[in-house]
Amino acid sequence: MATTSNMFMYSLSLLPPSAITQACLGTFSGKRQQEIVIAQGSRLTLLRPDATAAKVHTVLSHDVFGIIRCLSSFRLAGSLKDYIIVGSDSGRITILEYIPAQNRFNRVHLETFGKSGVRRVIPGQYLACDPKGRACFIASVEKNKLVYVLNRNAQAELTISSPLEAHRPHTLVYALAALDVGYENPIFACLEVDYGESDQDPTGKAFEEIEKQLVYYELDLGLNHVVRKWSEPVARSSNLLFSVAGGTDGPSGVLVCSEDSVSYKHMNRSTHRVPIPRRKGVCEDPNRRRMIISGVMHKMRGAFFFLLQSEDGDLFKVTLEYENGEVNKLKIKYFDTVAISTSLCILKSGFLFVAAEGGDHQFYQFEKLGDDDEEAEFTSDNYTNDMLEEVKPEYFKPRPLENLVLVESLPSLNPMLDAKVENLSDDDAPQIYALCGQGARSSFRVMRHGLETTEIVASELPGIPNAVWTTKIRADDEYDAYIILSFTNGTLVLSIGETVEEVTDTGFLSSAATIAVQQLGEDSLIQVHPKGIRHIHADKRVDEWPVPQHRTIVAASTNARQVAVALSSGEIVYFELGFDGQLAEYEEKKEMSGNVTALSLGEIPEGRLRSSFLAVGCDDSTVRVLSLDPDSTLESKSVQALTSPPSSLCIMYMPDTSTGSTTKDTLYLHIGLFSGVYLRTVLDTVTGELTDTRTRFLGLKQVRLFKVMCEGKPAILALSLKPWLGYTQAGAASTGGQGFMLTPLIYEGLEWGWTFSSEQCPEGMVGIQGQNLRIFTIENLAQSVQQESVPLSYTPRKMLKHPDYPVFYTIEADANTLAPITRQKLISEAANGETEELPPDVFGYPRAEGHWASCIRVIDPISKETLQKIELEENEAAFSIAAVNFESQDNETFLVVGTAKDLQLTPRKASCGYIHIYRFDNNGRELEFIHKTQTPDPPMALLAFQGRLLAGIGKNLRIYELGMKQLLRKAQGVVASTFITGLQTQGSRIIVSDAQESVTYVVYKYQDNAFVPFCDDMVPRYTTCTTMVDYETTAGGDKFGNLWIVRCPQKASDEADDVSGNYLIQEKQYLQGAPNRLNLMAHFYPQDIPTSIQKTQLVGGGRDLLVWTGLMGTIGILVPFVGREEVDFFQTLEGHLRQEDPPLAGRDHLIYRSYYVPVKGVIDGDLCERYTLLSYDKRQKIAAELDRSVREMDRKIADMRSRVAF
Amino acid sequence: MADKLRATQQLEQLQARFVGTGHADTTKFEWTSNIQRDSLASYIGHPPLLGYMAVGMGESRERLRVRFIEKMIQPVGKPPEKEE
């Protein structure tokens, strides 16, 4: 069977792709608020911009398991709610609506029109909806165009017609727009080229004469068919269409954007045309023509305008002057410069959302509309309206933002070009270091898993406290009044007010350490200290309960009506608050089997008098649950054996998704052990049974647990080496899953923690770290990965970590960009004093055909700064990097960088390549240039190999030795068929990845000084990244978005390393390749293009797994399964989920994951995690099929993630 | 004979519906043009692939998209002279 493999991996994405393919505006919830739907790879995400807080919230993210290619929103006349149409690779058109009550997308219609997959003639590339919501037009790049009529039936439900065809063979479509024609028949405009004739004409004359046409397709609603109504030739370079407001709002028609000009066109109307202004500046090429890459029309109170963006990122405001439907003038002026976008959305509340092509997405607020500034405006009166002629160029000077203000950035890793998982800051989990971004907006990012904290206070105390509490004075107080600090021999009370100061008249005993503090009943306080319990009444009257002789209190737990203390003799004394406001002792003491280490009472459930359970932890490694009901007080209910004595216990209610009801919380017992393990078990509220224990190792230090509040919900603060927070996340946007999450805080390790609530900080926490008192808050529970970045100059290509020190080296290169030296030269030549350069991170670099700008950079990832930057000169661009220790130089390590000179990408050509050698100085923090060596082709892969340098130069593999003046070639062999893009090694084995032909296993024979390819692949994989999983196995990714694992047959592997005889060299080729073939072990299509893959661990004490990063910003993992049983379980679950939760856009999940090659040996964890999002009935049904309970299922799925990653 | 006719009809139908369906006399020019056009349409249609090329070449996606469609007009050069 094709799907069985003896290797099984579980694929999970840790971070979803952050690139936005398209963004679309609408009011999807049906409330008057505008929302944005974005397509991110296979995910459909709903964003809700909050105008008052100037923030963008992610409301819902849904993985549709398909390639989303286009989005459009429409609204039926008279309705308040917008629907979403999705064009994907499913060969179907999908209409979705958002259901706010359930926070999910509902599929209204799914109509099949063609084969699945992204094909030339299957519609799905272009999509447009009639502005009145009466029809939609979906087209492919070539030939096929379909029109669907949208309507509503008697029940006011949306209906969709069968498709009307408007096919034209041999016709390519460049752009599509739906005209605004009011309530007349819907018209769609296309930019088309007919290549039929040029295909038949051998002279090439027809090709020369090809015209680009603007074509109107009219849907005749009466006759129910589509006609090609009008066509007119437009400029050959036209690329985009924007529809102009029509009906009562404007003159209707389209804007045709071409290279260098924007024109207004409409049937039976005159054409108006304006140039796209070019940038003025000494470094700018005055002859470079710009094109419009995206734009948006905005209507407001009878007026409308366009914002069009050129490929430099400059926004132009385009307005029309019209009278009685006849346009008189078209005007264009420079507006502002923002990031190059894939989509622009203007919100009615005055915001601009920019979905950036590379780097963070931006959310701007309009300050002005650029109406009365001094910017030059160009009107169509001065230019020829013949679109086939050239337009006179105009110029403007770019300037910093004037009309827009940046209010928020949405972090995006797209495009992510390389990444490494390393632990450089001595945390318990490693960080991910990544290269992101394009051009001058690039960055080096450090990502760590954890919740962001904001520190409010950090103050040093006179001694080292061992505990801290805050308390209110009365039960109905809103905020805390005291901070109580316990030291080894005393207690300090601070009052919280305008300032925090010591108070002495509180009634607290200050001469002893404190064990617990509690606000009791209505208005009294208690302090538990080793010698007794002090009950402080509102009138400062004090009742003291003394401990029996020769004993002390070792542990205590309190709530608003109950107190339980454990004595050093192992007895438990229980008190309850009587109706007279006095603490009443329960006459019997409960004797425990060992010394008590921890106690927990839990909160009193609403409407009850007492918490009915007391959890007792003893040093014989057990937890016992005792009943506190009046008729069975202190009777043992259940026992749980542990691996180590418990150090802390906490009973609390938390929201739970594993039960059917959404309103009822579940009672949990949280257990922290001295060994650093944290357990969470469900406590049955009736029987006191402990079930469903989940375990997590937090760090090599005893765990202390505290109940805190976060975002209005109860959460648990678990302190070990690091502080962790356990909380319930409903519909977590990042993972798609939901349920209980345990995430570290990015904060100092704490000894003790407690809640803190004051007027300035209603939901804070207070903690002790050494001698310091710290007060902090937790920012955003939805964002559990934090990013920090170092700006880079150009598109990063690769990076390297110093073999010994925490220093990174990046190589960056940008094509068609002026190098800084050339820019300086141009600036100094321009004698008119124009020297100012615009900040490139906003405005980009001046471009010039055939020029490369490139640099090598040294980065300190701890302090996040650039230590050194070496600009490359003479049109060289760096593409490969390695640290090589040369045996001949006493094993000194050098930095080796491979560059290409005058590289041209299509067709690929370079005048030569170079290998630069740099010496590491000052622990790798500085580089010193030594020499460079010319190579015939650019070296695209470098590697340290047996004390020498191994370089992949074109098809050749070479070994170099370091000489005084240059590198000395020692060995060479042709091993690849296109060019070598990557090298991996173990022993004498070299894994060579080729740009097109997958990987080849090569052995270097030292005696013969020869490279012998002995095993290669039978599938052409356009390899982007590889890593050796073991000596025989390689994991890699390719340019089409596949992940695969291949393995060399054992026999071939053994033979290759056979030292005796050189029969391998004589061995015959098999089918014009190496003598052996690799076996495919696993294959998976994640859609995103893998750019790096690494075998590593992600959590302390976790198993080895494969971490891969994708171009669009995905971070994913492949986890090997241990047992066959697990595999069977997840395979069955996957099967059920495909049935019960079919992908939203109509793509078959199995076929999607088998896009290029049938999926093999990989289980889709992202699909499995959707289990937790199903309705309870469906979950129960699937659980029953698998003979398990819903809770068990949830746990198994959650464990797969939490055991190895976050 | 009827079978043959039906087969021809079916083939013609396929050719009409699916651009690029070959026939007995497919020339090298038609065949290679087809492959190139299919590839180019696939580059445009897969957003990550278009992004990958745009990043590598330092161009905007839109310019690359237009360039690829432009290339689809005559992907492999002029058609060969017809032999009568």
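Residues numbered from 1 in each chain as written. Chains lettered and ligands numbered in written order. Predicted model: local features only at pLDDT ≥ 70, side-chain atom pairs only at ≥ 80, totals over all residues. Heavy atoms only, no water.

The name an unreviewed UniProt entry assigns to chain B is Splicing factor subunit, from the organism Ascobolus immersus RN42. As stated in UniProt under Sequence similarities (unreviewed entry), the record for chain B gives "Belongs to the SF3B5 family." (UniProt positions renumbered as here; feature names shortened; annotations may be inferred.)

With an unreviewed UniProt entry as reference, chain A is termed Pre-mRNA-splicing factor RSE1, source organism Ascobolus immersus RN42. Turning to chain A, the UniProt record has this under Subunit (unreviewed entry): "Associated with the spliceosome." Under the UniProt heading Subcellular location (unreviewed entry), the note attached to chain A is "Nucleus".

1. Observations regarding the packing of aromatic side chains
Residue and element names in this part refer to chain A. Tallied over the entire structure, the rule returns 43 aromatic pairs over all chains. Plain terms: the ring middles of Tyr 433 and Phe 808 are 5.0 Å apart, the flat faces sit at 40° to each other, and that makes the pair tilted. Residue Tyr 433 is located in strand 35 (residues 431-436), and its partner Phe 808 is located in strand 68 (residues 808-817); the two are separated by 375 residues in the primary sequence. This pair shows no difference in class: Tyr 433 is buried, exactly as Phe 808 is. Of the aromatic side chains, those joined through ring pairs into one cluster are Tyr 1022, Phe 1040, Tyr 1085, Tyr 1152, Tyr 1155 and Tyr 1156. Sitting over the face of the ring of Tyr 183, Lys 132 holds its NZ or CZ atom 5.3 Å from the ring centroid. (Phe/Tyr/Trp six-rings, centres within 6.5 Å; stacked < 30°, edge-to-face > 60°. Helix = DSSP H or I, 4+ residues; strand = E, 2+ residues; numbered from the N terminus. Buried < 20%, exposed > 50% of the residue type's maximum accessible area, 1.4 Å probe, protein only. Lys NZ or Arg CZ within 6 Å of the ring centre and 35° of its normal.)

2. Description of the pattern of salt bridges
One pass over the full model with this rule turns up 77 salt bridges over all chains. For B:Glu70, the salt bridge goes to A:Lys212, with nearest N and O atoms at 3.8 Å. Of this pair, B:Glu70 sits in helix 4 (residues 61-73) while A:Lys212 sits in strand 17 (residues 212-220), placing the two residues on different chains. Among the residues examined, A:Lys212 registers a relative accessible area of 0% and is labelled buried. Between A:Glu892 and A:Arg919 there is a salt bridge whose closest N-O contact spans 2.9 Å. In this pair, A:Glu892 sits in strand 72 (residues 892-901) while A:Arg919 sits in strand 73 (residues 912-921), placing the two residues 27 residues apart along the sequence. In this structure A:Glu892 comes out as partly exposed when scored by relative accessible area, which is 28%. (Salt bridge = Lys/Arg side-chain N within 4 Å of Asp/Glu carboxyl O.)

3. Concerning the sheet that holds strand 18 (residues 225-234) of chain A
Residue and element names in this part refer to chain A. Taken together, the four strands give an open sheet; going across it, the order is 15-16-17-18, and neighbouring strands pair in antiparallel fashion. Each edge of the open sheet is held by one strand with a lone partner, namely strand 15 (171-178) and strand 18. Each neighbouring strand pair of the sheet contributes to a mean axis angle of 25°, computed without reference to strand direction. Examined bridge by bridge, strand 15 and strand 16 (residues 187-194) share seven bridges and lie antiparallel to one another. (Pairing = 2+ DSSP bridges. Axes fitted to C-alpha atoms, helices over the stretch in contact; angles between N-to-C directions.)

4. Quick notes on the sheet that holds strand 21 (residues 261-265) of chain A
Residues and elements named next belong to chain A. The four strands are arranged 19-20-21-22 in an open sheet whose pairing can be described as antiparallel. The open sheet is flanked by strand 19 (240-243) and strand 22 (272-275), the only strands paired with a single partner. For this sheet, the mean angle separating the axes of adjacent strands, direction not counted, is 20°. The sheet contact formed by strand 20 (residues 254-258) and strand 21 spans five bridges and is antiparallel. Directly across from Leu 255, in strand 21, lies its bridge partner Tyr 264.

5. Concerning the packing of helix 10 (residues 1176-1185) of chain A against helix 11 (residues 1190-1202) of chain A
The axes of two packed helices give the description: the angle between them and the distance between them. Residue and element names in this part refer to chain A. Axis separation between helix 10 and helix 11 bottoms out at 9 Å; the angle between their running directions is 85°. Compared by their axis directions, helix 10 and helix 11 come out roughly perpendicular. Along its contact with helix 10, which presents Tyr 1176, Arg 1179, Gln 1180, Ile 1182 and Ala 1183, the element helix 11 presents Val 1190, Met 1193 and Asp 1194. Residue composition of the contact of helix 10 with helix 11, by class: five nonpolar, one polar and two charged. (Parallel < 35°, antiparallel > 145°, perpendicular 65-115°, else oblique. Contact = heavy atoms within 4.5 Å. Nonpolar A, V, L, I, M, F, W, Y, C, P; charged D, E, K, R; others polar.)

6. As for the pairing of strand 43 (residues 524-529) of chain A
Residue and element names in this part refer to chain A. For strand 43, a buried count of six out of six residues is recorded, marking the element as mostly surrounded by other parts of the structure. On strand 43, burial covers both faces: Ser 524, Ile 526 and Val 528 on one face and Leu 525, Gln 527 and His 529 on the other are all buried. Where strand 42 (residues 516-520) and strand 43 come together, five bridges link them in antiparallel fashion. Its bridge partner being in strand 43, Gln 519 is matched across the sheet by Leu 525. The hairpin turn running from strand 42 into strand 43, its antiparallel successor, is three residues long, and Gly 521 in that turn takes a positive phi close to 55°. Of the strand pairs in this sheet, strand 43 and strand 44 (residues 532-536) are connected by five bridges, and their pairing is antiparallel. Bridged to Val 528 within strand 44 is Ile 533. Linking strand 43 back to strand 44 in an antiparallel pair, the connection comprises two residues.

7. Some words on the nonpolar core
Residues and elements named next belong to chain A. Among the nonpolar cores identified, the biggest contains 61 residues, and Leu 214, Tyr 216 and Leu 241 are the most heavily contacted of them. Broken down by element, the residue count for this core peaks at seven residues, all from strand 15. Each residue touching Leu 241, except ones within four places of it in the same chain, is listed here: Ala 175, Leu 176, Ala 177, Ala 189, Cys 190, Leu 191, Leu 214, Val 254, Leu 255 and Val 256. Within the second largest apolar cluster, 47 residues are counted, among which are Ile 432, Phe 1129, Leu 1137 and Leu 1174. (Core = buried A, V, L, I, M, F, W, Y, C linked by side-chain atoms within 4.5 Å.)

8. With respect to the side chain of A:Glu97
All names here are of chain A. Mapped onto the fold, Glu 97 is located in strand 8 (residues 92-99). Taking relative accessible area as the criterion, Glu 97 reaches 17% and is therefore assigned buried. Looking at Glu 97, its side chain comes within polar contact range of the side chain of Lys 81, at 3.2 Å. Those residues in contact with Glu 97 that sit more than four places away from it in its chain are Lys 81, Tyr 83, Arg 104, Phe 105, Asn 106 and Val 108. (Polar contact = N/O pair within 3.5 Å; in protein donor to acceptor, adjacent residues only side chain to side chain.)

9. Focus: the interface of chain A and chain B
On the chain B side, the residues contacting the 61 residues of chain A number 39 residues. Each partner contributes to the roughly 4,200 Å² buried at the junction of chain A and chain B, and carbon and sulfur atoms together form 58% of this total. Together, A:Arg120, A:Tyr174 and A:Pro202 form the three largest contributors to the area buried by chain A at its contact with chain B, with a combined 16%. A salt bridge links A:Arg847 to B:Glu59; its shortest N-O distance comes to 3.7 Å. (Buried area = accessible area lost by both parts, 1.4 Å probe.)

10. Notes on empty space enclosed by the protein
Residues and elements named next belong to chain A. Overall, the coordinates contain nine cavities of 30 Å³ or more when judged by the stated rule. If you add up the space inside the largest cavity, you get close to 480 Å³. As for the largest cavity, its lining consists of 25 residues, and the residues nearest its centre are Ile 340, Gln 438, Gly 439, Gly 844 and Arg 847. Within the residue set of the lining of the largest cavity, elements represented by two or more residues are strand 68 and helix 4 (840-843). Broken down by element, the lining of the largest cavity gets its largest block of residues, four residues, from helix 4. Across the lining of the largest cavity, the residue classes break down as nine nonpolar, eight polar and eight charged. For the second largest cavity, the lining is made up of 19 residues, of which Ser 13, Ser 42, Pro 1086, Thr 1114 and Asp 1166 are closest to its centre. Contributions of two or more residues to the lining of the second largest cavity are made by strand 1 (9-15) and helix 8 (1149-1153). Here the lining of the second largest cavity gets three residues from one element, more than from any other, and that element is strand 1. Residues that form the lining of the second largest cavity fall into these classes: eight nonpolar, six polar and five charged. (1 Å grid on protein atoms, 1.4 Å probe; cavity = no way out; pocket = protein on both sides within 12 Å on 5 of 7 lines; lining within 4 Å. Points joined across faces, edges and corners; volume = space filled by probe spheres on them.)

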